[in-house]
Amino acid sequence: MTGTTTAEVLAELAALEDPRARQVNEKHGDDHGVNLGKLRAIAKRLKTQQDLARELWETDDTAAKLLALLICRPKAFDRDELDRMVREARTPKVHDWLVNYVVKKNPHAEELRLAWSADPDPVVASAGWALTTERVAKKPEGLDLTRLLDVIEAELKTAPDRLQWAMNHCLAQIGIDHAEHRARAIDIGERLEVLKDYPTPPNCTSPFAPAWIAEMVRRQA
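Worth saying up front: this structure is predicted, and the values here are computed from it rather than measured.

Peer 1: Lay out the nonpolar core in plain terms, naming residues and giving numbers.
Peer 2: Leu13, Leu67 and Leu98 are the most contacted members of the largest nonpolar core, which has 36 residues in total. Elements supplying a minimum of two residues to this core: helix H1 (6–15), helix H3 (36–46), helix H4 (50–57), helix H5 (62–71), helix H6 (79–88), helix H7 (92–102), helix H8 (109–117) and helix H9 (122–138). Take this core: its biggest share by element is 7 residues, from H5. Counting residues domain by domain, this core receives three or more from each of domain 1 (1–98) and domain 2 (107–220). Apart from the residues lying within four places of it in its own chain, the contact partners of Leu13 are Val34, Leu39, Ile42, Asp61, Ala63, Ala64 and Leu67.

Dropping the structure here:
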């Protein structure tokens, strides 16, 4: 599918606009009306096209940005490019896909994790915490988990929403994966009560850290 132009892709995305999908997405802060299954089908057809991905990212269209993240080559972005992109990711889904589908696979991920975690912008900082959670789960060697818990204990309660969610995920991941820190992680969660009353559908795991930790440890056992 090489030779597809940005204008053709934008026209195809516009034709897929569904008011009901937009209504659902907007409840989560995402300003687009394209069904994600159909978006993934376009990505599968286009395959990897880095130049087209860059052009789609530069549009002001959320669906186009999401598609760009599906057809790009994650390792092809340099550090400054990814730093600019995370600051341009206006909506939660674009931010989430950028971190999970692109940054985590990029050789600059660790450098960006450290830089973003200390960023004054809470949304950028949440990307740093998401990368830290990935390391807690998959490559904890070299991480100071005690210090991470100190920071979470001091800052979680008053952190802005997106940052709070990312820090809370890190708290739960430490408790799930590292038995020696589990009691403290649960204690922090119980005292701070962050997301304790979050509405959780039946058969879904609560994001309240003590409940999340208990359920995942139970499943692992």
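There's more to say after this.
Peer 1: How would you explain the pattern of salt bridges if you had to name every residue and give the values?
Peer 2: All told, the structure shown has 24 salt bridges when counted by the stated rule. Asp119 is the partner of Arg87 in a salt bridge, and the nearest nitrogen-oxygen pair spans 2.7 Å. On the criterion of sequence distance, the pair formed by Arg87 in helix H6 and Asp119 in the loop between H8 and H9 is long-range, its members being 32 residues apart. Between Glu153 and Arg184 there is a salt bridge, and its shortest N-O distance comes to 2.7 Å. Taken together, the residues Glu153 in helix H10 (residues 145–155) and Arg184 in helix H12 (residues 182–192) connect sequence positions 31 residues apart. Residue classification places Glu153 among the partly exposed residues on the basis of a relative accessible area of 29%. We classify Arg184 as partly exposed; its relative accessible area is 26%.

About the criteria used
- Residues numbered from 1 in each chain as written.
- Predicted model: local features only at pLDDT ≥ 70, side-chain atom pairs only at ≥ 80, totals over all residues.
- Heavy atoms only, no water.
- Core = buried A, V, L, I, M, F, W, Y, C linked by side-chain atoms within 4.5 Å.
- Buried < 20%, exposed > 50% of the residue type's maximum accessible area, 1.4 Å probe, protein only.
- Helix = DSSP H or I, 4+ residues; strand = E, 2+ residues; numbered from the N terminus.
- Domains from an automatic or database assignment.
- Contact = heavy atoms within 4.5 Å.
- Salt bridge = Lys/Arg side-chain N within 4 Å of Asp/Glu carboxyl O.

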